[in-house]
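# Working through the structure, step by step
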Amino acid sequence: MESAVRCEVDLITNLPNTIIENILGCLPLRDVVRTSILSREWRYKWMSCPDIVFDFWFDQMFLGGHKLEPLIYQILKLHKGPLLKFALQVPDLKSNPDIDQWVRLLPNNTLQELTLHVSRGEAHRLNSHLLSFQHLRNLKLYNCVFDPVPGFKGFGKLVNLELQRVVLEPESFGNFIASCPSVERLRLIHCTSFDCLELSGPKLKCLEFNGVFKSVSFKNCPVLKDIKLTFSSMEFKRGNQFSLGLVKSLSCLPALEDLQLQAYALEDLVEHGAPNRLPISLNMLKNLHLSDMYFEKIVESSCAICFIRSCPNLQRLKITAFTFDVVDAVADFLRSQTSSECLAHLKTVKMQLFSGIEAEMEFVKYLLASATTLEKMAITPHAGSITDGGESILNELEQYPRASPRARIFSSDSDGKKRT
């Protein structure tokens, strides 16, 4: 029995360093440090862990009554070997000079992933030392001031960039992105507003933007496939032909397949031919999600139809309603739309937060009459408006004529699960 125990202990103790590093890399920091009690040989192995993450669980389960600042400093000072990932995202972290001291302790010749999340108070102005991490592949900043010094040549290996509530210099941000040619995913959430958002990225595949810009320009973005745009204010649209400029910019992206957009961002298309097809087509677009769709506004409904008609290869359409009032004029307008503009490739439609008001029903009727290859239409009822799970809506929709003999209509819950 004693020899068996000794054998097991020896097996753990004598594991190759690569396996030990993989094990430590899969554990939360609090558990990594706790491995020091396994044996004498394991006492200091945590110091070579390639990932150091100070997060919510570290704060709740390990920090206890200890002060955060000296603990982080001590761990970074004791760390040995290559450090690949460092994340600082504990609750209630405020801007303070210690953050810059910790960043200086990070090895700039190995670090590949960096997360700095200042959760409270004013934005933290980042020290220029951050720019020395030329091996970065993932960079996430939250509530910081990020202003690269003039002449900065960018992060050549950066693949994922996420900035939330980050103060930027709009005039120089385009140059910064252009100097990071390997970026594939870019998220800009509630950052500084842009007059013109200029983006250049030969490898950029996914863009998520939540904020304000008056115009957008895509240069050298040949593989940009997935775009999600959410606007935190409607002020950006007034008097500057925003919608048409946006459509023109999107039409220049040869690989664009997936687009999520708030419906009201299209409203001034009515000045340029809506509800007919626009002179500009989004030929590559296959998946479209129009969110916050106000079915009580004629202009929004007409521009949405116009935009859909201008996507000749659209296969999947998702509409998230945001409707409060019943407006007869909108239903009358939608009823007047004919199916002369065939939606030849549309196969799947999802209608979310569906209240069953007449305007919404007429919109669905138009789609059913226009989509010649439609296979599935999923209706997710608005829980606050529908009491029977959508059964009465489905019964009425089943009576509508449809251009596709294969079209099936069903109700689904908010998670997309089919209900019968």
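Residues numbered from 1 in each chain as written. Predicted model: local features only at pLDDT ≥ 70, side-chain atom pairs only at ≥ 80, totals over all residues. Heavy atoms only, no water.

- The protein carries the name F-box domain-containing protein in an unreviewed UniProt entry, which gives Perilla frutescens var. hirtella as its organism.

### Thoughts on the overall build of the protein
- The secondary structure content of the protein amounts to 12 helices and 19 strands.
- When burial is assessed residue by residue, the protein has 47% of its 420 residues classed as buried.
- Restricting to contacts in the protein with at least 6 residues of sequence separation, those with at least 24 account for 66%.
- Of the roughly 20,400 Å² of accessible surface on the protein, a fraction of 50% belongs to carbon and sulfur atoms. (Helix = DSSP H or I, 4+ residues; strand = E, 2+ residues; numbered from the N terminus. Buried < 20%, exposed > 50% of the residue type's maximum accessible area, 1.4 Å probe, protein only. Contact = heavy atoms within 4.5 Å. Areas by Shrake-Rupley, 256 points an atom, 1.4 Å probe, with all protein chains shown as cover.)

### Examining the packing of aromatic side chains
- Here the structure, examined in full by the defined rule, presents 14 aromatic pairs.
- Between the aromatic rings of Phe295 and Phe363, the centroid separation amounts to 5.3 Å while the plane-to-plane angle is 70 degrees, which identifies the pairing as edge-to-face. Of the two residues, Phe295 is situated in the loop between strand S14 (287–293) and helix H9 (298–309) and Phe363 in helix H11 (residues 358–370); the sequence distance between them amounts to 68 residues.
- The structure contains a cluster of three or more aromatic residues connected by ring pairs, namely Phe146, Phe152, Phe155, Phe173, Phe176, Phe194, Phe209, Phe213, Phe231 and Phe242.
- Above the plane of the ring of Tyr400 lies Lys365, whose end atom (NZ or CZ) is 4.6 Å from the centre. (Phe/Tyr/Trp six-rings, centres within 6.5 Å; stacked < 30°, edge-to-face > 60°. Lys NZ or Arg CZ within 6 Å of the ring centre and 35° of its normal.)

### Quick word on the pattern of salt bridges
- Applying the stated criterion across every chain, the model contains 16 salt bridges.
- A salt bridge links Glu208 to Lys228; its shortest N-O distance comes to 3.9 Å. With Glu208 in strand S10 (residues 206–211) and Lys228 in strand S12 (residues 226–231), this pair connects stretches of sequence that are 20 residues apart.
- Classification of Lys228 as partly exposed rests on a relative accessible area of 31%.
- The salt bridge involving Arg402 is made with Glu398; its shortest N-O contact spans 3.3 Å.
- Residue Glu398 is classed as partly exposed on the basis of its relative accessible area of 38%.
- When salt bridges with common partners are traced through the structure, they connect Asp332, Arg335, Glu358, Glu362 and Lys365 into a single cluster. (Salt bridge = Lys/Arg side-chain N within 4 Å of Asp/Glu carboxyl O.)

### Examining helix H8 (residues 242–251)
- Across the 10 residues that make up H8, a large majority, 7, are buried.
- What H8 keeps buried is the set Phe242, Ser243, Leu244, Leu246, Val247, Ser249 and Leu250.
- In this structure, the buried side of H8 is in contact with strand S11 (213–219), S12, strand S13 (258–262) and H9.

### So, the confidence of the model for the protein
- Averaged over the protein, the pLDDT score is 83; the fraction of residues at 70 or greater is 80%.
- Counting contacts from residues 1–9, a segment whose pLDDT is below 50, to residues more than four positions away or on other chains yields 0 contacts. (pLDDT = per-residue confidence, 0-100.)

### Side note on H11
- Taking 1.5 Å per residue, 13 residues should reach 18 Å; H11 reaches 18 Å between its end C-alpha atoms and fits that length.
- Judged by how many residues are buried, H11 sits mostly within the fold: 10 of 13 residues are covered.
- Among the residues of H11, those classed as buried are Ala359, Glu360, Met361, Glu362, Phe363, Val364, Tyr366, Leu367, Leu368 and Ser370. (Expected span 1.5 Å × (residues − 1).)

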